[in-house]
Amino acid sequence: MKLADNKATLSFSNGSPSVDLPVYQGSIGPDVIDIRKLYAQTGMFTYDPGFLSTAATQSAITYIDGDKGELLYRGYPIEQLATQCDYLDTCYLLLNGELPNETQRTDFHKLVTNHTMVNEQMQFFLRGFRRDAHPMAVLTGLVGALSAFYHDSTDINNPQHREIAAIRLIAKMPTLVAMAYKYGMGQPYMYPQNNLSYAGNFLRMMFGTPCEEYKVNPVLERALDRIFILHADHEQNASTSTVRLCGSSGTNPFAAIAAGVACLWGPAHGGANEAALNMLHDIQAQGGVEKIGEFIKQVKDKNSGVKLMGFGHRVYKNYDPRAKLMQETCNEVLAELGLEKDPLFKLAKELEKIALEDDYFVQRKLYPNVDFYSGIVQRAIGIPVNLFTGIFALARTVGWIAQLNEMIGDPEYKIGRPRQLFTGSERRDVPALDKR
Ligand code: CMC
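It should be emphasised that the depicted structure is a prediction, and the values quoted were computed from it without experimental measurement.

**Some words on the overall build of the protein**
- Along the backbone of the protein there are 18 helices and six strands.
- Taken against the 2.2 N^0.38 rule, which gives 22 Å for 436 residues, the C-alpha radius of gyration of the protein at 24 Å falls within 12% of a compact globule.
- Expressed as lengths along the three principal axes of its C-alpha atoms, the size of the protein is roughly 80 × 65 × 55 Å.
- The buried share of the protein, taken over its 436 residues, is 46%.
- In the protein, the proportion of contacts linking residues at least 24 apart, taken out of those at least 6 apart, comes to 69%.
- Of the accessible surface of the protein, which amounts to about 22400 Å², a share of 51% is contributed by carbon and sulfur atoms.
- Placing the 44 positive and 48 negative side-chain charges of the protein at their respective mean positions leaves the two points 5 Å apart.

Written as structure tokens, this is what we have:
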């Protein structure tokens with residue numbers, strides 16, 4: 001980051017002396033006011049719950065222009081990556097800063113492939129869960145448990161440990177997600193098959209059985225790979241910030257990523273694709289397209305607590321570029337599977353059209369986000385609704401690791417320790433029991 005020519009001056013109406021604060025410029029996007037010395041200079045904190053105006057870090061990985069609806073990984077537009085690269089190329093890019101050349105690509109694919117199996121003991125660990133446990137509960141446990149299995153990659157301050165932990169996590173996530181699914185189904189786990197692509201291997205581990213050969217459908221393989229690319233990173237979102245904060249204590253990478261999985265589970269974040277599909281099911285059950293008007297009315301009523309899931313975003317105040325790509329994939333997958341007339345897809349399109357024309361959504365700049373269509377694609381592929389967030393976690397793992405490693409490598413990094421505005425009781429004495 002570069003020091004800007006201008007400074008910010010903070011003045012106070014009570015006559016306290018004003019303070020000058022340095023301003024830094026990034027390569028693109030808003031400048032930041034450096035408030036690190038503010039407390040020392042004024043005895044005051046800043047107040048920004050929800051981080052509405054606070055840059056918690058500098059980062060060179062992902063850039064979002066929310067007004068334009070632009071998403072760049074290491075400078076490359078998501079539209080180009082989604083159409084010209086595969087997920088593992090994207091992983092390499094996010095981790096290393098550049099796209100791989102041919103040799104690097106081959107080596108990286110081989111490296112990830114070599115780590116797809118998980119310790120055999122892992123399946124016994126899995127057995128401790130109820131069969132009907134939510135896959136995100138299982139995944140949080142499994143990812144955290146990796147630190148108990150791979151002791152040679154738990155030192156976050158050792159670059160080699162960080163590198164091997166990164167590869168292990170990227171390679172093993174599909175295996176773990178598929179194991180969580182198979183366990184819930186009561187079916188045998190499928191070992192990874194390393195001559196398949198990353199997405200193809202995942203499809204086989206999910207839907208193959210030992211009884212017959214599984215043939216990967218290239219359209220579904222491409223669709224899944226695209227889902228992975230679109231979810232690979234999204235700068236300082238809640239789960240990524242969780243991973244950074246968790247990792248800032250020096251904990252091991254597996255534990256930090258498990259924290260990210262737990263955060264992602266929430267319906268305002270990764271759980272939204274599940275919530276969006278459930279919402280479509282509910283509207284469909286109540287009468288489908290004819291009921292959209294009534295549903296939108298409920299959404300606009302602040303007392304109803306109903307939200308249009310898959311709409312709105314903290315950063316995008318325009319169409320989420322990932323939603324456009326996902327809609328395209330949705331068309332391809334439904335056509336491939338002969339589901340063009342899928343009533344939920346029709347409902348989603350109609351709902352989107354109506355919402356985009358409605359004043360409530362227009363005024364608040366609420367547009368479809370990636371989750372609006374990803375649930376329909378995943379459902380068509382055969383992925384159960386409660387596994388959607390698990391797929392998101394699988395794909396986002398690389399972003400979490402890239403961000404974690406960037407933080408550890410940053411000379412300015414410190415343990416994350418937010419401050420507070422205390423509004424509780426002042427000091428008081430404990431009364432005797434009979435006086436309370
Ligand atoms: N339906 C109805 N109203 C909404 C919605 C929605 N989906 N999203 C925002 N609003 C309203 C909100 O009530 C508020 O209205 P008002 O100004 O009258 O109080 C206004 O729009 C601004 O919303 P906000 O809650 O201040 O926005 P936020 O930045 O805090 O929340 C969000 C962002 C994603 C949590 C929210 O839009 C939401 O809950 N959307 C539905 C869930 C969803 O689809 N989440 C997936 C996000 S994309 C995947 C990811 O990156 O994790």
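**Let's talk about the environment of Phe51**
- By the element assignment, Phe51 lies in the loop between α1 (38-42) and β4 (62-65).
- Judged by its relative accessible area of 53%, Phe51 is exposed.
- Counting along the chain gives 187 residues from Phe51 to Ala238, while the straight-line C-alpha distance between them is 10.0 Å.

**Considering the sheet that holds strand β5 (residues 70-73)**
- Strand order across the open sheet formed by three strands is β4-β5-β6, with antiparallel pairing between neighbours. The strands lining the two open edges of the sheet, one partner per strand, are β4 and β6 (76-77).
- Summarising the sheet, β4 and β5 pair through four bridges and their orientation is antiparallel. Looking at the pairing, Tyr63 lines up with Leu72 of β5.

**Brief notes about the site of the ligand**
- Every one of the 20 residues lining the ligand counts as a neighbour, but His269, Leu308, Gly310, Arg314 and Tyr360 are closest to it.
- Between an oxygen atom of the ligand and a side-chain N or O atom of His269, the distance comes to 2.6 Å.
- Between the ligand and the protein, one listed contact pairs an oxygen atom with a side-chain N or O atom of His313 at 3.4 Å.

**With respect to the packing of helix α12 (residues 272-286) against helix α18 (residues 388-409)**
- Direction vectors running N to C along α12 and α18 enclose 150 degrees, while the axes themselves pass 7 Å from each other. Of the possible angle classes, the one that applies to α12 and α18 is roughly antiparallel. In this structure, the crossing between α12 and α18 has a hand that is right-handed. Where α12 abuts α18, its residues Asn273, Glu274 and Leu277 lie against Phe388, Thr389 and Phe392.
- Residue composition of the contact of α12 with α18, grouped by class: three nonpolar, two polar and one charged.

**A look at the packing of α12 against helix α15 (residues 343-357)**
- At a minimum axis distance of 10 Å, the contact between α12 and α15 shows a crossing angle of 100 degrees. Between α12 and α15, the angle falls in the class roughly perpendicular. Residues Leu277, Met279, Leu280, His281, Ile283 and Gln284 of α12 touch α15, and the partners they reach there are Pro343, Leu344, Leu347, Ala348 and Leu351.
- Class assignment of the residues belonging to the contact of α12 with α15 gives a composition of nine nonpolar, two polar and no charged.

**With respect to α18**
- Across its 22 residues, α18 extends 32 Å between first and last C-alpha, which sits within 8% of the 32 Å expected from 1.5 Å per residue.
- Its maximal kink placed at Arg396, α18 deviates by approximately 40 degrees.
- For α18, a buried count of 19 out of 22 residues is recorded, marking the element as mostly surrounded by other parts of the structure.

**Brief notes about the packing of aromatic side chains**
- All chains considered together, the criterion is met by 14 aromatic pairs.
- Taking 4.7 Å as the distance between ring centres and 35 degrees as the angle between the ring planes, the aromatic pair formed by Tyr39 and Phe45 counts as tilted.
- With a centroid separation of 5.2 Å and 85 degrees between ring planes, the pair formed by Phe372 and Tyr373 is classed as edge-to-face. Both residues of the pair, Phe372 and Tyr373, belong to the buried class.
- An aromatic cluster of at least three residues, connected via ring pairs, comprises Phe311, Phe345, Tyr360, Phe361, Phe372 and Tyr373.
- Note that Arg364 overlies the ring of Tyr360, its terminal NZ or CZ placed 3.8 Å from the centroid.
- The ring of Tyr39 is capped by Arg419, whose NZ or CZ atom sits 5.6 Å from the centre of that ring.

Rules used in this analysis
- Residues numbered from 1 in each chain as written.
- Predicted model: local features only at pLDDT ≥ 70, side-chain atom pairs only at ≥ 80, totals over all residues.
- Heavy atoms only, no water.
- Helix = DSSP H or I, 4+ residues; strand = E, 2+ residues; numbered from the N terminus.
- Rg over C-alpha atoms; globule rule 2.2 N^0.38 Å.
- Buried < 20%, exposed > 50% of the residue type's maximum accessible area, 1.4 Å probe, protein only.
- Contact = heavy atoms within 4.5 Å.
- Areas by Shrake-Rupley, 256 points an atom, 1.4 Å probe, with all protein chains shown as cover.
- Lys, Arg positive; Asp, Glu negative; His and termini not counted.
- Charge placed at Lys NZ, Arg CZ, Asp CG, Glu CD.
- Pairing = 2+ DSSP bridges.
- Near = heavy atom within 4 Å.
- Polar contact = N/O pair within 3.5 Å; in protein donor to acceptor, adjacent residues only side chain to side chain.
- Axes fitted to C-alpha atoms, helices over the stretch in contact; angles between N-to-C directions.
- Parallel < 35°, antiparallel > 145°, perpendicular 65-115°, else oblique.
- Left-handed = near helix turned anticlockwise from the far one by under 90°.
- Nonpolar A, V, L, I, M, F, W, Y, C, P; charged D, E, K, R; others polar.
- Expected span 1.5 Å × (residues − 1).
- Bend = angle between axes of the 7 residues up to and from the residue.
- Phe/Tyr/Trp six-rings, centres within 6.5 Å; stacked < 30°, edge-to-face > 60°.
- Lys NZ or Arg CZ within 6 Å of the ring centre and 35° of its normal.

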